[in-house]
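Geometric and topological summary
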Amino acid sequence: MPKGIEGSNPSLTAINSVNQRKQATHMKEPVRVTVTGAAGQISYALLFRIAAGEMLGKDQPVILQLLEITPALDALAGTVMEIEDCAFPLVAGIEQTDDPDTAFGGADYCLLVGARPRGPGMERKDLLKANAKIFSAQGAAIDRQASRGVKVLVVGNPANTNCLIASRNAPNLDPSRFTAMTRLDHNRAVAMLAAQTGSHSTVVDGMIIWGNHSATQYPDIHHCRIDSRPAVELVEHEWVERRFIPEVQQRGAAIIKARGLSSAASAANAAIAHMRDWALGSAGRIVSMGVCGDGSYGIEKGLVYSFPVICENGGYRIVQDLAINDFSRAMMTATENELRQERDDIADLL
């Protein structure tokens, strides 16, 4: 067999493959990614995609720092075994713990997935208070232990107010480091509008989710374009008001009714997209993120409210000067009022 022909020698091919993998995984220093509720449904759909480079890029090694409550550590160990068995080239280490200070140590990215679910007969106010204890402790641990440039995404519901709690308990970090996930609502709205107009989701641009990740959220198509055409010209207002808005608002409940479980894979997908855009940029596209309000659009400063943002240079900025009609203003105010009430219900814990 002729010498010098790559691929003619299986051992040489294997060595070259290993060297290429080493070069690829050492392009950057590993970053630390903390995921809470790491043994849960959403995290099971999330962790393997982070490990494969779908969130931070195919050249970014990660150290996974996984937090769970003590009774779930055995289940978490099983998930970790599976991650190990995938032999992901980008995984530079995995840590499992029930200690928040350990989990958030040096963290560059935090995905706060774990939250207390709503139990039978539990009022929303009770749910808020139960989660306030969790997210206040996690916010304080992030404040003590995480990187000063950390990016925090709150997934666990009620996400906006949980995000507010975590941020308020991290006084040494800029509130802009904390965001809440409304990307799942954004994606749902894009998909529904695309289906209604016979379009593909990739040609829908400018969708906005305003407000709370709840049944008061406002999916707004007034600034949306479909294949460069204004969306409001392609659909009837009656359909928007009677079908589109309520179905996007209630989509999570519809999924629970259909499958007996809450959204998991779609929530994980949205979390990946949210963090990827925040870290790597949204290429000039508008995306929806729950962020600490700065007074834009007359929304009370300090509320964690979903705005249209553009992500660039590792940060985000709220898109300004969009025209707001009377219908939109009423919807935006309704969801703002709910967020005010949620904040007031747990004011003693902020």
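The structure reproduced in this document is the subject of the present report. (Residues numbered from 1 in each chain as written. Predicted model: local features only at pLDDT ≥ 70, side-chain atom pairs only at ≥ 80, totals over all residues. Heavy atoms only, no water.)

Some remarks on the side chain of Asp277
Of note, Asp277 is situated in helix H10 (residues 265-280). Discounting residues that sit within four places of it in the chain, Asp277 has contacts with Arg183, Ser282, Arg285, Val287 and Cys311. (Helix = DSSP H or I, 4+ residues; strand = E, 2+ residues; numbered from the N terminus. Contact = heavy atoms within 4.5 Å.)

Overview of the packing of aromatic side chains
Throughout the structure, instances matching the rule amount to seven aromatic pairs. Aromatic side chains Trp278 and Tyr316 sit 5.9 Å apart centroid to centroid with 65° between the ring planes, which places their arrangement in the edge-to-face category. Highlighted residues: Trp278 in helix H10 and Tyr316 in strand S14 (residues 315-318), separated in sequence by 38 residues. For the pair shown, Trp278 and Tyr316 are each scored as buried. Three or more aromatic residues joined by ring pairs form one cluster here, namely Trp210, Tyr297, Tyr305 and Phe307. (Phe/Tyr/Trp six-rings, centres within 6.5 Å; stacked < 30°, edge-to-face > 60°. Buried < 20%, exposed > 50% of the residue type's maximum accessible area, 1.4 Å probe, protein only.)

Focus on the nonpolar core
With 74 residues, the main nonpolar core has Val33, Leu111, Leu193 and Phe244 as its most contacted residues. With sequence-adjacent residues up to four places away left out, Leu111 is seen in contact with Val33, Thr34, Val35, Thr36, Leu46, Ile50, Met55, Leu153, Ala271 and Met275. (Core = buried A, V, L, I, M, F, W, Y, C linked by side-chain atoms within 4.5 Å.)

Regarding the layout of surface pockets
Taken as a whole, the largest pocket encloses approximately 1,400 Å³ of empty space. What lines the largest pocket is a set of 45 residues, among which Arg116, Pro117, Gly156, Asn157 and Ser262 lie closest to the centre. Elements represented by at least two residues in the lining of the largest pocket include exactly helix H2 (41-51), helix H5 (124-145), helix H7 (183-196), helix H8 (237-249) and helix H9 (251-259). Here the lining of the largest pocket is built from residues that sort into 19 nonpolar, 17 polar and nine charged. In this structure, the second largest pocket occupies an estimated 320 Å³ of space. Along the wall of the second largest pocket there are 18 residues; nearest its centre are Arg183, Asn187, Val190, Ser201 and Arg285. Of all elements in the fold, only H7, strand S7 (204-205) and H10 reach the threshold of two or more residues within the lining of the second largest pocket. Among the elements that make up the lining of the second largest pocket, the one with the highest residue count is H7 (five residues). (1 Å grid on protein atoms, 1.4 Å probe; cavity = no way out; pocket = protein on both sides within 12 Å on 5 of 7 lines; lining within 4 Å. Points joined across faces, edges and corners; volume = space filled by probe spheres on them. Nonpolar A, V, L, I, M, F, W, Y, C, P; charged D, E, K, R; others polar.)

Comments concerning the pairing of strand S3 (residues 91-97)
In the sheet, strand S2 (residues 62-67) pairs with S3 via six bridges, with the strands oriented parallel. Across the sheet, residue Val62 finds its bridge partner in S3, namely Val91. In the classification by handedness, the crossover that spans S2, the intervening helix H3 (residues 73-86) and the parallel S3 is right-handed. (Pairing = 2+ DSSP bridges. Right-handed = clockwise from strand over helix to strand, strands pointing away.)

Thoughts on the environment of Arg329
Within the element layout of this structure, Arg329 appears in helix H11 (residues 326-345). Expressed as a C-alpha distance, the spacing of Arg329 and Gly260, which sit 69 residues apart in the sequence, is 35 Å. If we ignore the near neighbours within four places in the chain, the residues touching Arg329 are Tyr297, Ile299 and Ile324. Looking at Arg329, its side chain comes within polar contact range of the main-chain oxygen of Tyr297, at 2.8 Å. (Polar contact = N/O pair within 3.5 Å; in protein donor to acceptor, adjacent residues only side chain to side chain.)

With respect to the packing of H2 against H10
Two elements in contact, H2 and H10, have axes separated by 8 Å at closest approach and are oriented at 40°. In terms of axis orientation, H2 runs oblique to H10. Viewed along their axes, H2 and H10 form a crossing whose handedness is right-handed. Across the interface between the two elements, Ile42, Ala45, Leu46, Arg49 and Ile50 from H2 touch Ala265, Ala267, Ala268, Asn269, Ala271 and Ile272 from H10. When grouped by side-chain class, the residues that make up the contact of H2 with H10 number nine nonpolar, one polar and one charged. (Axes fitted to C-alpha atoms, helices over the stretch in contact; angles between N-to-C directions. Parallel < 35°, antiparallel > 145°, perpendicular 65-115°, else oblique. Left-handed = near helix turned anticlockwise from the far one by under 90°.)

Digging into empty space enclosed by the protein
Enumeration according to the criterion identifies one cavity of 30 Å³ or more in this entry. Roughly 30 Å³ of internal volume is contained in the largest cavity. Contributing to the lining of the largest cavity are Asn160, Thr161, Leu164, Leu303, Val304, Leu339 and Arg343. Mapped by element, the contributors of at least two residues to the lining of the largest cavity are helix H6 (159-168) and H11. The leading source of residues in the lining of the largest cavity is H6, at three residues. Class assignment for the residues of the lining of the largest cavity results in four nonpolar, two polar and one charged.

Topic: the sheet that holds S7
In a beta sheet, neighbouring strands are held together by backbone hydrogen bonds and run either parallel or antiparallel to one another. Pairing within the open sheet is antiparallel, and its three strands lie in the order S7-S10-S11. Looking along the sheet, the strands with just one partner apiece sit at the ends: S7 and strand S11 (229-230). The sheet contact formed by strand S10 (residues 225-226) and S11 spans two bridges and is antiparallel. Following the sheet pairing, Arg225 is matched in S11 by Pro230.

Notes on the pairing of S2
Look at any regular strand and the pattern is simple: side chains alternate between the two faces of the sheet. Buried residues dominate S2, accounting for six of its six residues. Along S2, one buried face is formed by Val62, Leu64 and Leu66 and the opposite face, lined by Ile63, Gln65 and Leu67, is buried too. Taken together, the six bridges between strand S1 (residues 31-36) and S2 define a ladder with parallel strand orientation. Along S2, the bridge assignment pairs Arg32 with Ile63. A crossover links S1 with its parallel partner S2, the connecting element being H2, and its sense is right-handed.

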